[in-house]
Amino acid sequence: AASMPTDEALSERRHSRRIMVGPVPVGGGAPISVQSMTNTKTSDVNATLQQIAELAAAGCDIVRVAVPSQDDSDALAAIVRHSPIPVIADVHFQSKYVFQAIDAGCAAVRVNPGNIRKFDEVGSSICEAATQAGISLRIGVNAGSLDKDIYAKYGGPTPQALVASAVKEARMFEEVGFHDFKISVKHHDPVTMIRTYRLLARQGDWPLHLGVTEAGPQWQGTIKSCLAFGVLLAEGIGDTIRVSLSAPPVEEVKVGCKVLEYLGLRERHFDIISCPSCGRAQVDVIELANAVTDGLKDIKAPIRVAVMGCIVNGPGEAREADLGVASGNGKGQIFIKGEVVETVPEDRIVATLLERAHAIADHMQQA
Ligand code: SF4
C-alpha cells in the first residue's frame, strides 16, 4: 500500500470539472499534476527542449514556456512537436501570440485577461479558436495586473479582489460558452494565497492551478510553497501545482513531486529517514545521510532507507524502513525491516547501503 496514492489523511477532494491539457487530465478527480516553466529563451528550441526533457525526467507532467516575442512564438511548433510532455504557452499583452500558440499545437495557453490588450474585444475569438483546436486555457490572475476598477474597489490585491477578478474573467469565458479552462490566483504571501484559493474554491467548479508566485530563492520559496500547498491540498483544494523558485526549474519539479508524495497524493519514490543525531551519535549522521540520499535520489521504487547515528534506538526506531544502518564502535549495523543482517566497518557503510538498496529496489520493481 505504501506505493499507492492515498488521501485517507486528507479531506475529500473538492469537486472540480475536468479539463485536458493535451493528454493530461486536470480536475475532476484526476491525479494532481506537477508543472514547471522553462527559463531558457523559448526561441532557442534546442535549449528549451533539453530543459523540458530534464523536467520531464524529474517528474514534471506539464511544461509552460514564455512567449514574449515573435521569435518565441515562431519556435512553438517545433517545441510542441518534440516535447515529451504537453506544452502551455504563456502569453502576456499581445493576443496575436495566443492565436499563434493555438495554431502551433500548444496543449493550452495561459492568459492573464487583465493584461491582454483589448481583451473585451478579443476574448470571445480566443475562446472560439481554443474550442476549434480542442485545447484548454488558464486564466492566470496575479496581484500585479489586477483590473483597475477591482483594485480601486477593494483597495489592493486582497483575496476578495483577486477572486473578483478571476470570477469576472471566468464569467466572460462562460458567457461565450467556453468551459475548458482552469484558474490560478497567485500571490507571493502564502497566507493571502491560501485565503484567496479557499474563497475561489467556493465560487465555482473550475479546476484550480495552485501557485505561490515570486516565492523567492530555493530555501524560502520551498517553505512558502510547501506551506500553502500543504494547507490547500489537505483541504482537498488544488488540481495542478507549480512551485515557483528563483532556482533552476528542475528544483521546482523536485519540490512539487515531493509535496505530492509526502501527502500521499502521488506514488512514492525513494525516501530517507535519518535521525537528527545527538550526543550519542557515533558517526557523522549528516554526512552519511547526504551521501546515501545522493546515491539513491534517482531510484523510482518506493524504498525507505534509514540512517541512524547510534545503535541505542537505531534499528527499533527505523523498523518501518526497508533498509537502514545504525552506527556504533566504528561499525555499522545494517538492518532490513528492523532485523540486523550484517555488520560492516564504517568506511563500508555507504557502499553497502547503496548496493543493498539497489537490490531491494530492483526486486520491488520486478514484483
Ligand atoms: Fe541520537 Fe541515536 Fe537517536 Fe540518532 S538514533 S538521535 S544518535 S539517540
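Residues numbered from 1 in each chain as written. Predicted model: local features only at pLDDT ≥ 70, side-chain atom pairs only at ≥ 80, totals over all residues. Heavy atoms only, no water.

### Some words on the layout of surface pockets
- For the largest pocket, the calculated volume is near 610 Å³.
- Lining the largest pocket are 21 residues, and of these Ala58, Lys254, Lys258, Lys297 and Asp298 sit closest to its centre.
- Of all the secondary-structure elements, those providing two or more residues to the lining of the largest pocket are α9 (249-262) and β11 (271-274).
- Among the residues forming the lining of the largest pocket, the class breakdown is nine nonpolar, three polar and nine charged. (1 Å grid on protein atoms, 1.4 Å probe; cavity = no way out; pocket = protein on both sides within 12 Å on 5 of 7 lines; lining within 4 Å. Points joined across faces, edges and corners; volume = space filled by probe spheres on them. Helix = DSSP H or I, 4+ residues; strand = E, 2+ residues; numbered from the N terminus. Nonpolar A, V, L, I, M, F, W, Y, C, P; charged D, E, K, R; others polar.)

### As for the sheet that holds strand β12 (residues 304-308)
- Taken in spatial order, the five strands make up an open sheet running β11-β12-β13-β14-β15, and their pairing is mixed. The open sheet terminates on both sides in strands that have one partner only, identified here as β11 and β15 (339-345). Each adjacent strand pair in this sheet contributes to an overall mean axis angle of 20°, direction not counted. (Pairing = 2+ DSSP bridges. Axes fitted to C-alpha atoms, helices over the stretch in contact; angles between N-to-C directions.)

### Some thoughts on the sheet that holds strand β7 (residues 136-142)
- What the eight strands build is an open sheet, ordered β8-β7-β6-β5-β4-β3-β10-β9; its pairing is parallel. Both outer strands of the open sheet, β8 (181-186) and β9 (209-210), are each paired with one neighbouring strand and no more.
- Where strand β5 (residues 87-91) lies against strand β6 (residues 108-111), four bridges are found, and the strand directions are parallel. What sits directly across from Ile88, in β6, is Ala108.
- Taken strand by strand, helix α6 (residues 159-175) contacts β6, β7 and β8, and its axis lies near 155° from that of β7. (Contact = heavy atoms within 4.5 Å.)

### Let's talk about the pairing of strand β13 (residues 323-328)
- Here β13 lies mainly inside the structure; six of its six residues are buried.
- Neither face of β13 is left uncovered, since the one carrying Leu323, Val325 and Ser327 and the one carrying Gly324, Ala326 and Gly328 both have all their residues buried.
- Of the pairings in the sheet, the one linking β12 to β13 comprises four bridges and is parallel in character. Within β13, the residue paired with Met308 across the bridge is Ala326.
- Both β13 and strand β14 (residues 331-336) contribute to a ladder of five bridges, which runs antiparallel. Looking across to β14, one finds that Ser327 is bridged to Gly332.
- Here β13 folds back onto β14 in antiparallel fashion, the turn holding two residues, of which Asn329 has a positive phi close to 55°. (Buried < 20%, exposed > 50% of the residue type's maximum accessible area, 1.4 Å probe, protein only.)

### Description of the site of the ligand
- Near the ligand, the surroundings consist of Cys275, Ser277, Cys278, Arg280, Ala281, Gly309, Cys310 and Asn313.
- Across the shell around the ligand, the residue classes break down as four nonpolar, three polar and one charged. (Near = heavy atom within 4 Å.)

### A word on the UniProt feature "binding site: [4Fe-4S] cluster" (unreviewed entry) in the protein
- Mapped onto this structure's residue numbering, the UniProt feature "binding site: [4Fe-4S] cluster" (unreviewed entry) falls at Cys275, Cys278, Cys310 and Glu317.
- Excluding anything up to four places from it in sequence, Cys275 contacts Val285, Val307, Met308 and Gly309.
- Along the polypeptide, Glu317 turns up in helix α11 (residues 314-317).
- The class for Glu317 is exposed, based on a relative accessible area of 57%. (UniProt positions renumbered as here; feature names shortened; annotations may be inferred.)

### A few points about the nonpolar core
- By size, the foremost hydrophobic cluster in this structure holds 76 residues, and its most contacted members are Val109, Phe173, Phe181, Ile183, Met193, Leu200 and Phe229.
- Per-element tally for this core: the top contributor is α6, with seven residues.
- Those residues in contact with Ile183 that sit more than four places away from it in its chain are Ile139, Ala166, Ala170, Tyr197, Leu200, Trp206, Pro207, Leu208 and His209.
- Leu296, Leu323, Ala357 and Ala361 belong to the second-largest nonpolar core, a separate cluster that totals 28 residues. (Core = buried A, V, L, I, M, F, W, Y, C linked by side-chain atoms within 4.5 Å.)

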